[in-house]
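Residues per chain, in single letters:
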Amino acid sequence: MAQTHSPETDVYFVPQQSKWPFVGSVAMLVLMVGVASWLNDAAWGRWTFFAGIAMLAATLFMWFGDVIRESVAGRYNKQVDVSFRMGMVWFIFSEVMFFGAFFAALFYTRTLALPWLSGIGDGAMTNALLWEGYSAGWPTNGPAAIGGQFQTIPAWGLPLLNTLILLTSGVTLTIAHHALKAARRGAVLLWLGLTVVLGATFLYFQVTEYVHAYRELNLTLGSGIYGSTFFMLTGFHGAHVLLGTLMLAIMWLRTLKGHFTRDNHFGFEAAAWYWHFVDVVWLALFLFVYVI
């Protein structure tokens, strides 16, 4: 008689072959070719970029749908759970390194490059040979005044409001998590839904801030080193907030469908880990980009 194994007793789970990794790679290639061409003023770059975004979104929707169906069917065991947790930890670590590179660029510019160009300390010859008489402060668009004169965004306006919004969203998400562990689905839906609304509100205010910067402050991505670091840091963070908001919205729908129990809800936990990471990054951004 053939012996059957339950997911709890199996040591390894081997998923079926999937086409989604290959399709996702093609989507990423199309996306990156599009954005690179768009930045270099190719007429077809913008539409190629949006085509790549659409392909990637469709791939993720179908791929994660397969994973959700396998999970709901009870095909995952503890080994798979550990694998998912390790994967999410490494993913967030890669995101830490990603933002670390941009914060390092900001540090290098403000602490090392600008003093050298200004002739401070060991930079006397740098100043004499490259930009004699140049004295830099921060913010700056460099000795060539790239992009023209600009104004900065005060920290105690929309940036402070967005900080309070994200901190509040971290609290509401934690309350939702505790409600899930207590098997109170109604409370989970309430507090998780509020978290999604707060994330969307943050994005709305950030778009408002960007429109104000471009139209009234002449602060753009082309405003020298300050403009490039400002928009790269805050823009990529905004992209992560958008992704996190979508993740939490999907968790809300899965909670509504009853996919989670008090003991089996790693999808929710993974989204919560990601959201708290986004919160911490914003606090660093608020301090080093807006305040200091």
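What counts and how
- Residues numbered from 1 in each chain as written.
- Predicted model: local features only at pLDDT ≥ 70, side-chain atom pairs only at ≥ 80, totals over all residues.
- Heavy atoms only, no water.
- Helix = DSSP H or I, 4+ residues; strand = E, 2+ residues; numbered from the N terminus.
- Buried < 20%, exposed > 50% of the residue type's maximum accessible area, 1.4 Å probe, protein only.
- Contact = heavy atoms within 4.5 Å.
- Areas by Shrake-Rupley, 256 points an atom, 1.4 Å probe, with all protein chains shown as cover.
- Lys, Arg positive; Asp, Glu negative; His and termini not counted.
- Charge placed at Lys NZ, Arg CZ, Asp CG, Glu CD.
- Phe/Tyr/Trp six-rings, centres within 6.5 Å; stacked < 30°, edge-to-face > 60°.
- pLDDT = per-residue confidence, 0-100.
- Salt bridge = Lys/Arg side-chain N within 4 Å of Asp/Glu carboxyl O.
- Expected span 1.5 Å × (residues − 1).
- 1 Å grid on protein atoms, 1.4 Å probe; cavity = no way out; pocket = protein on both sides within 12 Å on 5 of 7 lines; lining within 4 Å.
- Points joined across faces, edges and corners; volume = space filled by probe spheres on them.
- Patch = residues over 30% accessible without salt bridge, like charges linked within 9 Å, V, L, I, M, F, W, Y side chains within 5 Å.
- Axes fitted to C-alpha atoms, helices over the stretch in contact; angles between N-to-C directions.
- Parallel < 35°, antiparallel > 145°, perpendicular 65-115°, else oblique.
- Left-handed = near helix turned anticlockwise from the far one by under 90°.
- Nonpolar A, V, L, I, M, F, W, Y, C, P; charged D, E, K, R; others polar.
- Polar contact = N/O pair within 3.5 Å; in protein donor to acceptor, adjacent residues only side chain to side chain.

## Quick word on the overall build of the protein
When you go through the protein residue by residue, the secondary structure sums to eight helices and zero strands. Its helices and strands in sequence order give the protein the pattern α-α-α-α-α-α-α-α, from N to C terminus. Across its three principal axes, the protein shows a C-alpha extent of roughly 90 × 40 × 40 Å. The 292 residues of the protein split such that 37% are buried. When contacts within the protein are restricted to residue pairs at least 6 apart in sequence, those whose partners lie at least 24 apart make up 72%. Within the structure as shown, the protein displays about 17,000 Å² of accessible surface, and the carbon and sulfur contribution to it stands at 69%. Measuring between centres, the 14 positive side-chain charges of the protein sit 12 Å from its 14 negative side-chain charges.

## Regarding the packing of aromatic side chains
Scanning all chains against the criterion turns up 29 aromatic pairs. Ring centres of Y76 and F84 lie 5.3 Å apart, and the angle between their planes is 80°; on these two criteria the pair is classed as edge-to-face. Classification of F84 as partly exposed rests on a relative accessible area of 34%. In this structure an aromatic cluster arises from ring pairing among W138, F150, W156, F202, Y210, Y214, Y226, F230, F231, W282, F286 and Y290.

## Quick notes on the confidence of the model for the protein
Residues at a pLDDT of 70 or more form 95% of the protein, whose mean pLDDT is 89. Within the model, the stretch residues 1-7 combines pLDDT values under 50 with five contacts to residues more than four positions away or in other chains.

## A look at the pattern of salt bridges
Overall, the coordinates contain three salt bridges when judged by the stated rule. As a salt-bridge pair, R69 and D66 come within 2.6 Å of each other at their nearest N and O atoms. Of this pair, R69 and D66 both sit in helix α2 (residues 45-72), three residues apart, which is roughly one turn of the helix. With a shortest N-O distance of 2.8 Å, R85 and E269 are connected by a salt bridge. Remark: E269 occurs in helix α8 (residues 266-291) and R85 occurs in helix α3 (residues 78-117); sequence separation between them is 184 residues. Among the residues examined, E269 registers a relative accessible area of 14% and is labelled buried. One salt-bridge network, in which partners are shared between bridges, spans D81, R85 and E269.

## Quick look at the side chain of H177
Assignment of secondary structure puts H177 in helix α5 (residues 158-181). Those residues within four positions of H177 in sequence are excluded, and the remaining contacts are H265, F268 and E269.

## Description of α5
Given a rise of 1.5 Å per residue, 24 residues ought to cover 34 Å, and the 35 Å separating the end C-alpha atoms of α5 matches this to within 8%. Of the residues trailing α5, A183 is marked for its positive phi of about 60°.

## Concerning the layout of surface pockets
What the second largest pocket holds in volume is close to 170 Å³. Forming the boundary of the second largest pocket are F103, L106, F107, R110, T111, A284, F288 and I292. Where the lining of the second largest pocket is concerned, the elements lending two or more residues are α3 and α8. Take the lining of the second largest pocket: its biggest share by element is five residues, from α3.

## With respect to a nonpolar patch on the surface
The grouping of V82, M86, W90, F93, V96 and M97 at the surface amounts to a nonpolar patch, some 610 Å² of accessible area in total. Along the polypeptide, W90 turns up in helix α3. Taking the relative accessible area as the measure of exposure, W90 reaches 56% and is therefore exposed.

## Section: the packing of helix α7 (residues 224-256) against α8
Helix-helix packing is described using two parameters, namely the angle between the two axes and the distance between the axes. Across the interface, α7 lies against α8 with an axial gap of 9 Å and an inter-helix angle of 155°. On the basis of their axis angle, the class for α7 and α8 is roughly antiparallel. Judged by the twist between their axes, the crossing of α7 over α8 is left-handed. Of the residues in the contact of α7 with α8, the class split is 19 nonpolar, six polar and one charged.

## Some words on the environment of T220
In this structure, T220 sits in the loop between α6 (185-216) and α7. A C-alpha to C-alpha distance of 19 Å links T220 and G157, two positions 63 residues apart in sequence. Among all residues touching T220, those that are not within four sequence positions of it are Y214, G227 and F231. In this structure the side chain of T220 is engaged in a polar contact, spanning 3.1 Å, whose partner is the backbone nitrogen of G222.

## Some thoughts on α6
For α6, which comprises 32 residues, the first-to-last C-alpha distance of 46 Å matches the rise-based estimate of 46 Å (1.5 Å per residue) to within 8%. Two residues or fewer after α6 comes N218, characterised by a positive phi angle close to 55°.

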